[in-house]
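Tertiary structure, described
Residue-level listing of the chains:
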Amino acid sequence: KIFRSDLQALHDTMKVLDTGAMEAAAHAIRKARRVELYGIGSAAPIAEDANYRLLRIGVEAKVVVDSHVQAISASLTGPDVATITISHSGSTHETVTATKLAREAGATTICITNFGKSPLLAYADIVLHTMARETQFRTEAMTSRIAQLAVIDALIACLSLADYDKALATISKTF
């Protein structure tokens, strides 16, 4: 049942993921001086993985998973920064606040969140939707993390292909 749920989340996410939004996210990241990643709770390890993956392909990145530091860091961004907020519900107060502060500071805000209405969408310049159904018995966001990782994988592939030689050189250098 777990594997079927994970496969369903991947299949559903592939259906709702907007390729135009993926292109816009890759473009925003490529033009940014640096990228900041925000995640709380079960989204924190996803943000940390995305940070690692961005660094490996030569993108200046910083992950912030402490809510207080998120607010401080987000308020210190600007037009030359892109932020990536990861939140399944899109309602986590801390990440909504960080995204709002980053947008107010002029950063381009990219959000990876589950399909549907949420407070996070009000502060998102670019939305990469997932489609994962959690139940009350799966409160640790199991299927949503699989979907979020797949979106990150696709984004990293887009960025790597856009700057193929740089990505390869950085991967080689950091091996």
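Residues numbered from 1 in each chain as written. Predicted model: local features only at pLDDT ≥ 70, side-chain atom pairs only at ≥ 80, totals over all residues. Heavy atoms only, no water.

1. Thoughts on the overall build of the protein chain
Note the threshold: Numbering of helices and strands runs from the N terminus; a helix is a DSSP stretch of H or I covering at least four residues, while a strand is a stretch of E covering at least two. The globule rule is 2.2 Å times the number of residues to the power 0.38, and the radius of gyration it is compared with is taken over C-alpha atoms. Categorising residues by exposure relies on relative accessible area from a 1.4 Å probe, with only protein chains included: less than 20% of the type maximum marks a residue as buried, more than 50% marks it as exposed, and the intermediate range marks it as partly exposed. Throughout, a residue-residue contact means that at least one pair of heavy atoms, one from each residue, lies within 4.5 Å. Residue exposure ignores everything except the shown protein chains as possible cover, and the areas themselves are Shrake-Rupley values with a 1.4 Å probe. Charged residues are defined narrowly, with Lys and Arg counted positive, Asp and Glu counted negative, and His plus the chain ends left uncounted. Where a charge sits is defined by one atom per residue type, namely NZ (Lys), CZ (Arg), CG (Asp) or CD (Glu).
The helix and strand inventory of the protein chain stands at seven helices and five strands. The helix and strand sequence of the protein chain, counted from the amino end, reads α-α-β-α-β-α-β-α-β-β-α-α. Over its C-alpha atoms the protein chain spans a radius of gyration of 15 Å, differing by no more than 12% from the 16 Å that the globule rule assigns to 175 residues. Overall size of the protein chain, expressed as C-alpha extent along the three principal axes, is 40 × 35 × 30 Å. The proportion of buried residues among the 175 residues of the protein chain is 43%. Taking all contacts inside the protein chain whose residues are at least 6 apart in sequence as the whole, residues at least 24 apart take part in 72%. When the accessible surface of the protein chain is totalled, it reaches about 9,000 Å², and 59% of it is carbon and sulfur. The averaged location of the 18 negative side-chain charges in the protein chain is 2 Å from the averaged location of its 18 positive side-chain charges.

2. Re the pattern of salt bridges
Cut-off, in case you're wondering: Note on definitions: salt bridges are taken to be side-chain nitrogens of Lys or Arg within 4 Å of carboxyl oxygens of Asp or Glu.
Enumeration according to the criterion identifies eight salt bridges in this entry. For the salt bridge of Arg34 with Glu36, the shortest nitrogen-to-oxygen distance reads 2.6 Å. Of the residues examined, Glu36 reaches a relative accessible area of 0% and is grouped as buried. Between Lys62 and Glu36 there is a salt bridge; the shortest N-O distance is 3.5 Å. Residue Lys62 is found in strand β2 (residues 61-64), and its partner Glu36 is found in strand β1 (residues 34-38); the two are separated by 26 residues along the sequence. Looking at Lys62, the relative accessible area reads 35%, which means it is partly exposed.

3. Focus on the nonpolar core
Applicable threshold: The nonpolar core is taken to be a set of buried Ala, Val, Leu, Ile, Met, Phe, Trp, Tyr and Cys residues, with the residues joined through side-chain atoms within 4.5 Å.
The biggest cluster of nonpolar side chains holds 30 residues, and the ones touching the most others in it are Val35, Leu54, Ile84, Ile110, Leu128 and Leu155. Going through the elements one at a time, α2 (19-31), β1, α3 (44-56), β3 (81-87), β4 (108-114), β5 (126-130) and α6 (142-162) are the ones with two or more residues in this core. It is α2 that contributes the most residues to this core, six residues altogether. Excluding its chain neighbours within four sequence positions, the residues that come into contact with Ile84 are Ile29, Val35, Glu36, Leu37, Tyr38, Leu54, Ile110, Ile112 and Leu155. Ranked by size, the runner-up nonpolar core spans seven residues in total, among them Tyr38, Val64, Val81 and Ala98.

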